[in-house]
Structure formats: structure tokens, C-alpha cells
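Below are the chains, spelled out letter by letter.
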Amino acid sequence: MLCFFLLVWSAVCLQIYYFPSALCSELLSRHRRVWIIDSFTIEEEHKGPFPYFLGKIKLEQNYGVSFDLSGPGVDEEPEGVLSIDKKLGNVFVDKPVDYEKHKVLKVIMTTRKAGSIDTKLGIDIVILDINDNPPHFDINLYEVDVPEEKKQGSDLLSISAYDLDQSGTPNSTIDYKIKSVSPYISDTEFFINKSGTISFKGCLDHEAKGVYRLLVEAKDNGDVISLSSSTTVLIRVQDGNNHLPTISGQTGSGKIKEDEIGVSPLLLHVTDRDSPNSPAWRARFSIQGDEKENFKIETDPHTNDGVLTVVKPLRYKDGAQRVLFISVENESPYFSCKVKERTSSGLWKVDVTKAGDPNYPALLHSVKVVIEIEEINHPPVFTETVTETKVEENIPTGIWVEKVTAVDPDSSHAGEFVYEVGHDPAGWVTVDPHKGNITTVHSLDRESPHVVDGVYTVLLHAVDKGDPPMTGTATLNICVIDQNDNVPQLTDDRFSVCAFEGPTTTDITAYDLDGYPFGGPFAFELLGDVDGKWNLNPSNGYTAGLVKDPGVYPGNHTVDLKVSSLQGEFSVYSLKGTVCDCSVTPNCRSRRDASTNIALGALGIMFASLFLFLFLLLMAVVISCKKEFTPVQTEDSSGETLIVSNIEQPGTDCKVEDSVLLVSTDNMRQDIAYRQSLHGGMQNTPVFTKTTWNSLIASGYSRNQQIEAKGTTNTFLKRNSSFASDAVLLALLHRRLSSLQQAEEHVDYQPHLYADEGDLDTLSELEDITIPDQDSSHKALNNLGPKFNHLASISRESNRKK
């Protein structure tokens, strides 16, 4: 059975715990004992002196016991606070104790009898709190940023403090109070509630003071003494847009030229009392009266000026002036707060205006701007920039083609312009300067290179009388209608084929400058005696096949070909052809290529010889001017065809007769022409001596070439010049012919056929050559040798047959 006693003395609870043990049985067998104990409380932080009497534990007993204490405050933390008189049971306080650390000391009292434990009781000694701790703030400095347009009564921030004294007692109950505000603003009053939330009445004004410093006190409600502490609160008022901008002035000409864009005729200057470069200071402009949106206005980020710019062209004819109304506001919304009445309780009466209110637009500052438009000279404008018409080619001159019309958009130059032809590549048309009628001055030719895809393009101008004159341009596309005014043509009137045993074909292609239906496909037809020699397969189309029959021999041939268009227009061509023995030469082209190479070499030799001839001729002139003249010995040249001549008297004069230069140059031209005909363009020069003449005959001279050589020889014989000059010229010609003969040895060249070797009808046509009838020429011909006489007889017989 658990035995315990609970004693309560004057609001002090003393809990006595009786511990179950063998002592319990002993107590049951004894008389009941009564404990009388005084109230035990300790005030914290007692000032002493120590030790002082706390109380006495009284026992009703008829035997003696000893008292002992243990636990917190005795032999446990906080040690040494309590002690007891072991005989009398008096309890003493030996030093102060802190309530904030130890609110109750739970000690154990033990009684002993004759050395053994008689009783153990637990005693709670209550520590009484005193107001020994002031309130403490969480931080020493509070800061907050508040927008200027904050409404009164709004919470700005909350502060808090705490007290270490006993909770729920006046010692820990805290009251807040704003002790001071710096600077003092009559339109703003800050207050704080019991929870520590700070608010304000009236209006915040950044311009009056951007930062407010508040000193806030936290004070407890101690009975004996009240303790307090303070902290600082900084309230920074951010600048709001509580001042509207105003347009203070403008700079610029206020003038623009019509059709100009991107120019700025005006700058609008702005003043604002808000903080520079803040959203409340930066200006934003708007334009009224610009229905066609020809203008825009932007804010210069550095100066806050408004820059008015033209973005769409303006026309003078729409008005010489533009009247605009430009207003200004700020980027951040406008907010205005004015205190009307300060009341003793509650919030004050204020007047607030902000963007979006009905009366807000009337508050914006606006100015009237007049922009003047200067007229400029515009070019006349054609009613149609591109005009198309059709005209037949070959029409007579003076025929009307088309009419163009232009108008001048300028009111001051209306009708003061003329029409001109700007670009007429063939010069076929003209235009009436005042009416715009276009007529022909030449016949149009559809096959002209200026006509592209059947269209002839003319550029026309309309030029006004402005300063400077302005020009409008239009394009006239004339579709030239084709007429059948061209005959078929061949792409090439020469051909070459190989002389094989079987038929061989070469292509003959024709074209017509006229279009369909005046051109191809064509009809090809051979003329003359072509049976057994030539035929066509196919003979219709754009390309005909010219077929060589096996009986055609190698050599040069002429074939007459008639080519007819769809409308019957035709033309006849004499085709020049070459039939080659391809068994010796792979093809006709290789032969021509070899001849071409020789011709290029001969051309170089010709120019070198010409320079050498001129040099020797100059030397001859110098020699002829000497006073002593030594005739050239000619004993070794008696067997040649040239006649010895030395009729000029030495020292008579220094003039070279014109016949020397004339005859020598003519002879060289004849010589070059002869070699070109012989080798298909290669330039050669014959030497007119007996030995070389026979060599020329063996090399394949034709009748024309032989007669030309005879005429050249007679010319040499009749020259009335110095023998020295003739000898030099002959030596030069001899060297040139020798080099040509060496070149011919490397060329695959077929010899010509003459009258005694083939059909005279196939010989090439000879040019007419007139041989001077002089005795010296006849004597020279008689001494040229039997081979030349035989060749001359062939030539005479051929001429008789013709």
C-alpha cells in the first residue's frame, strides 16, 4: 500500500512523496506522525546576505531524527543554493538562483533514526521570477523599400521583440512605441500596433525625403520596474510618378519636303521633377491628329526629348501643313496623393489621383505642332508604264504605231512636259513631243539583232520643265509581225568527203531568218549534170544528205544546190567540195591542217623577208648615192632568165624611182596570192628563174599560175633600175622559194591534173591576166625552156575550148 501525505500552505504547494519500501511496514506498526512544513519559495537573484533562513521542517515525534537534503540546488546544478540543519531541520539559502535557468528546484529530504533511513520525501522549491530581463529585438536595424504610391494604412513592415522573463507575466508582456521619426513630415505619420506592424497615415513623398528613420521602443510591464530596449527602422520611399512631365519647348525647322521619310523636323524638350533616368522620369509621347500615321515620336534615352520623325511620305497636294497635338506622360503610371484633413483617430482624409481615372487625360500636358510641307518636282507619270502593240515588218515610214499618255503630279508643273524617245536601238520610231503619238521613221526588220523573240523594245520619256528637269519612263514593246522577206541560207557552202568505192554522204544544213510558215522545213534540189555523180538522200527537212557516187574522182568539185522554203522562196548555191583520197590521208581535214601549219610558217617567213627586203633596199639607196659606181659583175649569171642591165650613170642623183618600189611590191603581192591559192591559204613566193620555173611546174602549177609567173618575169625584165637592186631581190626570192620547197616535202600533197593528164572540164577557173606585149618579155619567154613551152601550149588550148 502506497503511503503519502500532501500538505498545502498558503498557495505554496509542498508535495511529499512517501517512497514504498520495508519502511512502509514499519510505519504501519508505529503511531501516525504529522509533518508541519513552512512554505518554501525563493526569489531569483536575491541580493542576500547569505545564508538566509528559508524555512523549517517540523516533525511531531517522540524520538529524535536527523535531516538531510539532496538533489538540484544542493549537490546538483545549481550546487550550493540550499542547505539544512541536520538536527533542527532549518533550511537555508546560501546564494542567488536565476529563474531563467532554473524555475523549480526538486530536492529530496531524508530523515534518519539511529543511522537508518526513516523517511524520504520529495520537495519542490519554486523560484519566483523577477523582472530582470529587458525585451530584445530580433535584429538591431530594420530596412524596407516602399513605393511612393503606397496607400495609407498599408503595412510597411513588422518588427518583433522577446523577453526572457516568465511567460504570461507582466515581466514578459511587451509594448511597442515609435519614439521618434526623422525627418518630420507633416503629411506623413507612422504608427505601430501591438504586434509590431508599422504603417502610416497621409501620403509618402519621395521628393520631401527619400528615407525615414524611425526609433522604435519595446517595453515590458514589470510591477516593480519596467525594462525596455529600442531598434532603428529605415523606410526608403521609392520615387513614384507623382509629378507629370511638361513640354517646355521645341527645336527644329518644322519643315519637310514631300516624299521624304526618315527625317526629324522637330525635337520636343521635357521637364520632370521625378528622379532622372527612373521610369517615373522617362517620357512617353503620343500624337493626336495623325490619321494616316505619317509620323512617329520616340524618346531620346539620354536627353528625354521627344524626336518627331516622318515615317510615311507626305504629298503637297494633300495640304501644305500638318497640324499635330502631342502629349507627354511617363513610363510608370501616374499617382498623386494630397492630404486634405488630419484626424485625431483613424486614417486621414487624402485626395488620390492615378492613371486610368476619368480626369487623368486632362492632366497630361499637350502642345500644338505645325509641320510645313515643301513641294518638290516629281517626274511625269505614264498612265501605263508598259505598252504592247503589233506592227508588220517592212511597213513604210510614217506609219502610226501607238500613243502614250503621261500626267505630271505636281500642281505647279501640270502639263509642262514633252515626250521623247529614250532608247530606240535601231532608230525605227519617233514620238510627237506634245501628243505622244509614235510613228515609224524606218521600216522594221524582224530579223534585226535588236528584235528579241519577235519583240522590239523602245523606252519613252516624259520630261518636265522643272529645275532640275525630272523624267518619267515607259516601255513600248512592239511585236514585229513576220513577213516572208528572206530566202533559205546554208550554214556552210563547203564540204569534203572521202573517195571510197561506195557512196559517201555529207550533211548540208539550211536555215531561214523568217519564222514559221515562211521558213523550213526545206526542199533541196541538185542542178546541172549530176547523174552518176551526186544525189540527195534525204532531200527534205532542215538537213539534206549529199551522196557522192563511186565514180567521183578525188579533187575539187562544184555542185549547184537549190533550196526552197515552204512558201516557194528559194536560192541556189554553188557548193565547193573536196574529194580526198583517204587511203593516203586519213581524211581531208588532216590535209588542210598540215597546209595550215605550213601557211603559218610561210607567213612568218614572209614578214621576215619583207623586213630584210626593206633593209637591203635602204642599202641600195645608200650605195646609189656614192660618186663612184662599180657595176656588178654578171658573168656567172649568163645562163639565167634575167637580162643584164646597168644603164644608170654613177653619181648622177640619189633618187630611187617609184617603179622600183611599185614593181617590187606588186611582184610580192602576186607571189603571196599565188602561194595561197596553191596551198589553201599558205603564203608562198615564187622565184622566176629557169631552174626554179621547172620546179614550179613539177610542183603542180595551174594555167593561171603559169601565166601569172610569166607576167611577173616580164615585169622584172622591163624594170629600169640598177642591176645591184635586181640581184638582191632575186637572191631574196630564191631563198624564200627554197624554204617553201623544203616544207612541201613534208606535206601529203596530191599533184594537180592538167589537160594531158585528165579531163579539162574539171580544171579550176583561171583568172584573166594581161601580159605586156614588149620585145624584152618575148625574148625572156623564148628562153624559159621546153617544159614551160609545153605548159603554155596547154593553157592556150584550154582557153580556145572555153
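In this text the structure is predicted, and so the values were computed from the model without any measurement.

Enquirer: I'm lost on the overall build of the chain in this one. Help?
Expert: From N to C terminus, the chain includes nine helices and 47 strands. Within the span of the chain, comprising 802 residues, buried residues form 40% of the whole. Taking the intrachain contacts of the chain between residues at least 6 apart in sequence as the baseline, contacts between residues at least 24 apart amount to 66%. As presented, the chain carries roughly 43600 Å² of accessible surface, and 52% of it is formed by carbon and sulfur atoms.

Enquirer: Please clarify how the confidence of the model for the chain should be interpreted in this entry.
Expert: Note: predicted coordinates in regions of low pLDDT should not be interpreted at a detailed level. For the chain, the average pLDDT comes to 75, and 69% of its residues sit at 70 or higher. Residue range residues 627–732 is modelled with pLDDT below 50. Its contacts to residues more than four positions away, or to other chains, number 188 contacts. Considering only residues more than four positions removed or in separate chains, one finds that residues 739–781, a stretch of pLDDT under 50, has 68 contacts.

Enquirer: Before we go on, may I ask you to explain the state of the cysteines in this structure?
Expert: What makes a disulfide is a covalent bond joining the sulfur atoms belonging to two cysteines. Counting across every chain of the model gives one disulfide. A sulfur-sulfur distance of 1.8 Å marks the disulfide that ties C203 to C337. Residues C203 and C337 are joined through a disulfide that is left-handed, its torsion about the S-S bond being -60°. Taken together, the residues C203 in the loop between strand 17 (197–202) and strand 18 (211–220) and C337 in strand 27 (residues 335–341) connect sequence positions 134 residues apart.

Enquirer: Looking at this structure, I do not really get the packing of aromatic side chains. What am I missing?
Expert: A ring pair, where both rings are aromatic, is described by two values, the distance of the centres and the angle of the planes. This model, assessed by the stated rule, comprises 11 aromatic pairs. Arranged with centres 5.8 Å apart and planes meeting at 40°, the rings of F50 and Y52 form a pair that is tilted. Among the residues examined, F50 registers a relative accessible area of 29% and is labelled partly exposed. Grouped by ring-pair contacts, the aromatic residues F190, F200 and Y212 constitute a single cluster. Over the ring of F191 we find K201; its NZ or CZ atom is 5.8 Å from the centre of that ring. Residue placement shows R342 over the ring face of W348; its charged tip is 5.6 Å from the ring centre.

Enquirer: I would appreciate a short explanation of the sheet that holds strand 20 (residues 246–251) in the present structure.
Expert: Two orientations exist for strands paired in a sheet by backbone hydrogen bonds: parallel and antiparallel. The antiparallel open sheet is built from four strands, whose spatial order is 20-22-25-24. In this open sheet, the two edge strands, each paired with only one partner strand, are strand 20 and strand 24 (295–299). On average, each strand axis in the sheet is tilted by 25° relative to the strand beside it, whichever way the strands run.

Enquirer: Sorry, what's going on with a negative patch on the surface here?
Expert: Side chains of D75, E76, E77 and E79 sit close together on the surface and give a patch of like negative charge. Looking at the secondary structure, you find E77 in the loop between strand 6 (66–70) and strand 7 (82–84).

Enquirer: Can you help me understand the pattern of salt bridges in this one?
Expert: It is possible for side chains bearing opposite charge to pair when their charged atoms get close. Scanning all chains against the criterion turns up 11 salt bridges. E189 is the partner of K201 in a salt bridge, and the nearest nitrogen-oxygen pair spans 3.9 Å. Placement of the pair is K201 in strand 17 and E189 in strand 16 (residues 188–192), with a sequence separation of 12 residues. E189 gets classed as partly exposed once you look at its relative accessible area, which sits at 36%. The network of salt bridges with shared partners includes E143, D145 and R236.

Enquirer: So what exactly am I meant to see when it comes to the environment of N394 here?
Expert: Looking at the element boundaries, N394 is found in the loop between strand 31 (386–392) and strand 32 (400–403). Through-space distance from the C-alpha of N394 to that of D445 is 6.2 Å; in sequence the pair is 51 residues apart. Sequence-distant contacts of N394, defined by excluding residues within four places in its chain, comprise S443, L444, Q483 and D485. Engagement of the side chain of N394 in a polar contact is seen with the side chain of D485, the distance being 3.0 Å.

Enquirer: What should I look at first to understand the pairing of strand 18 in this one?
Expert: Moving residue by residue along a regular strand, the side chains alternate between the two faces of the sheet. The sheet contact formed by strand 15 (residues 174–182) and strand 18 spans eight bridges and is antiparallel. The residue bridging D175 from the neighbouring strand is K219, located in strand 18. Relative to strand 19 (residues 228–238), strand 18 is paired through nine bridges, and the arrangement is antiparallel. Looking at strand 19, one finds that L215 is bridged to T232.

Enquirer: Any chance you could explain the side chain of D305 here in plain terms?
Expert: For D305, the location among the structural elements is in the loop between strand 24 and strand 25 (306–310). Although buried, D305 forms no salt bridge, and the nearest oppositely charged side chain, R282, lies 14 Å from it. Among the polar contacts listed, one links the side chain of D305 to the side chain of H269, at a separation of 3.2 Å. Residue contacts for D305: discarding those within four places in its chain leaves L268, H269, V270, F285, E298, T299 and D300.

Enquirer: I would appreciate a short explanation of unusual backbone geometry in the present structure.
Expert: Peptide bonds are, in most cases, trans, and in most cases residues other than glycine have a negative phi. Residue P51 is reached from F50 by a cis peptide bond, and omega for that bond is -15°. By the secondary structure assignment, P51 is in the loop between strand 4 (41–43) and strand 5 (52–59). Across the junction of E77 and P78, the peptide omega takes the value 0°, indicating a cis bond. Looking at the element boundaries, P78 is found in the loop between strand 6 and strand 7. Phi is positive for N277, which is not a glycine, with a value near 65°.

About the thresholds
- Residues numbered from 1 in each chain as written.
- Predicted model: local features only at pLDDT ≥ 70, side-chain atom pairs only at ≥ 80, totals over all residues.
- Heavy atoms only, no water.
- Helix = DSSP H or I, 4+ residues; strand = E, 2+ residues; numbered from the N terminus.
- Buried < 20%, exposed > 50% of the residue type's maximum accessible area, 1.4 Å probe, protein only.
- Contact = heavy atoms within 4.5 Å.
- Areas by Shrake-Rupley, 256 points an atom, 1.4 Å probe, with all protein chains shown as cover.
- pLDDT = per-residue confidence, 0-100.
- Disulfide = S-S within 2.5 Å.
- Phe/Tyr/Trp six-rings, centres within 6.5 Å; stacked < 30°, edge-to-face > 60°.
- Lys NZ or Arg CZ within 6 Å of the ring centre and 35° of its normal.
- Pairing = 2+ DSSP bridges.
- Axes fitted to C-alpha atoms, helices over the stretch in contact; angles between N-to-C directions.
- Patch = residues over 30% accessible without salt bridge, like charges linked within 9 Å, V, L, I, M, F, W, Y side chains within 5 Å.
- Salt bridge = Lys/Arg side-chain N within 4 Å of Asp/Glu carboxyl O.
- Lys, Arg positive; Asp, Glu negative; His and termini not counted.
- Charge placed at Lys NZ, Arg CZ, Asp CG, Glu CD.
- Polar contact = N/O pair within 3.5 Å; in protein donor to acceptor, adjacent residues only side chain to side chain.

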